[in-house]
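# A closer look at the structure
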Amino acid sequence: MKLIKLDAIDSTNDFLKGISSLPETVTFTVVTAEMQTKGKGQMGQKWESEPGRNLIMSVLLKDVFNDINELFHLNIVFSLAVIDALKSYRVPELSIKWPNDIMSYNKKIGGILIENSIKSDGSIESIIGLGLNVNQTSFIDLPKATSLSLVCEVEFDRELLLQLIVDTFKQKIVYWKENEIQFWKEYTNLLFKKGNPMPFADENGSHFMGIIQGVSDIGKLQVLLEDDSVAEFDIKEIQMLY
């Protein structure tokens, strides 16, 4: 693992994008920062983090998934890597809130943002960003956020945690092809609120009830509706209300 440590940066994803074309920037180059001034979440949301307390990182992948229809596989592999790493620390009640929020009980402890770009030669470059609440203990105006320290009541070594997540991710990438069905099953079983009747809002703000069934091959959420049909939704088309 090639590791680049920064004190402060606007966004580790953007920084890694800027250096990804350099010959020395290879697959599994990792960038971390103590503070991020313009951290990004899904759909342009801002990611807030207390300086020096959490794990802010981005990982570069080149030519690993080369089929545009298989890019959601990367979400599965990395989400499972984070979950497996946290399980080794006995973090309780872990789940994945579709598409890639990491939860403990009913609160968010981390978020993943994957940005893919197709190069002129057809190859695909992916940058995987992770913001993980580690030792932060105060979340003002964020009632649905928590941290590893709060749920486990201990301080964590962020460097050891980083190394474990990256090592686990590498292993899962290597074994993806032969374990694809098993990984899909694990991801589906870890879906937050799967199988429970839940209220949702669509993109027009209309509310409806549904039951999460799983995720499609291209990453759409599959929801059983009250008329017994199963609808598929993209990230911009649905919001879980909980």
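Residues numbered from 1 in each chain as written. Predicted model: local features only at pLDDT ≥ 70, side-chain atom pairs only at ≥ 80, totals over all residues. Heavy atoms only, no water.

### What about the overall build of the protein?
Check the secondary structure of the protein and you find five helices and 12 strands. For 242 residues, the compact-globule estimate of 2.2 N^0.38 gives 18 Å, and the protein sits close to it at 18 Å. Based on the C-alpha atoms only, the size of the protein along its principal axes is roughly 55 × 45 × 35 Å. Here the protein holds 242 residues, and the buried ones make up 48% of them. Within the protein, counting contacts between residues at least 6 apart in sequence, those at least 24 apart form 61% of the total. Carbon together with sulfur atoms contributes 48% to the accessible area of the protein, which is approximately 12000 Å² in total. Taking the average place of the 24 positive charges on the side chains of the protein and the average place of its 34 negative ones, the gap between the two points comes to 3 Å. (Helix = DSSP H or I, 4+ residues; strand = E, 2+ residues; numbered from the N terminus. Rg over C-alpha atoms; globule rule 2.2 N^0.38 Å. Buried < 20%, exposed > 50% of the residue type's maximum accessible area, 1.4 Å probe, protein only. Contact = heavy atoms within 4.5 Å. Areas by Shrake-Rupley, 256 points an atom, 1.4 Å probe, with all protein chains shown as cover. Lys, Arg positive; Asp, Glu negative; His and termini not counted. Charge placed at Lys NZ, Arg CZ, Asp CG, Glu CD.)

### Remarks on the sheet that holds strand β11 (residues 230-233)
Taken in spatial order, the five strands line up as β11-β10-β9-β8-β12 in an open sheet, and their pairing is antiparallel. Each edge of the open sheet is held by one strand with a lone partner, namely β11 and β12 (238-240). Averaged over neighbouring strand pairs, the angle between their axes works out to 50° when direction is ignored. Where strand β10 (residues 221-225) meets β11, four bridges bridge the pair, whose relative direction is antiparallel. Bridge assignment links leucine 224 to a residue of β11, and that residue is valine 230. (Pairing = 2+ DSSP bridges. Axes fitted to C-alpha atoms, helices over the stretch in contact; angles between N-to-C directions.)

### Concerning the environment of glycine 129
Looking at where glycine 129 falls in the secondary structure, it is placed in strand β7 (residues 124-132). Separated by 17 residues in the primary sequence, glycine 129 and isoleucine 112 have C-alpha atoms spaced 5.6 Å apart. Here glycine 129 is in contact with Asn13, Met57, Ser58, Gly111, Ile112 and Leu113, once residues within four sequence places are set aside.

### Things to note about the nonpolar core
Within the largest apolar cluster, 59 residues are counted, with the highest numbers of intra-cluster contacts made by Leu86 and Phe169. Sorting elements by how many residues they give to this core places helix α2 (residues 72-87) first, with 11 residues. Among all residues touching leucine 86, those that are not within four sequence positions of it are Val91, Leu94, Ile102, Ile109, Leu132, Leu148 and Leu161. Counting residues in each nonpolar core, the second largest holds nine residues, with Ile4, Leu6, Val31 and Ala33 among its members. (Core = buried A, V, L, I, M, F, W, Y, C linked by side-chain atoms within 4.5 Å.)

### Some details on the side chain of lysine 97
Along the polypeptide, lysine 97 turns up in strand β4 (residues 94-97). Buried lysine 97, no salt bridge; nearest opposite-charge side chain is aspartate 101, N-O distance 4.3 Å. Leaving out residues up to four positions away in the same chain, lysine 97 has contacts with Met103, Phe192 and Tyr242. (Salt bridge = Lys/Arg side-chain N within 4 Å of Asp/Glu carboxyl O.)

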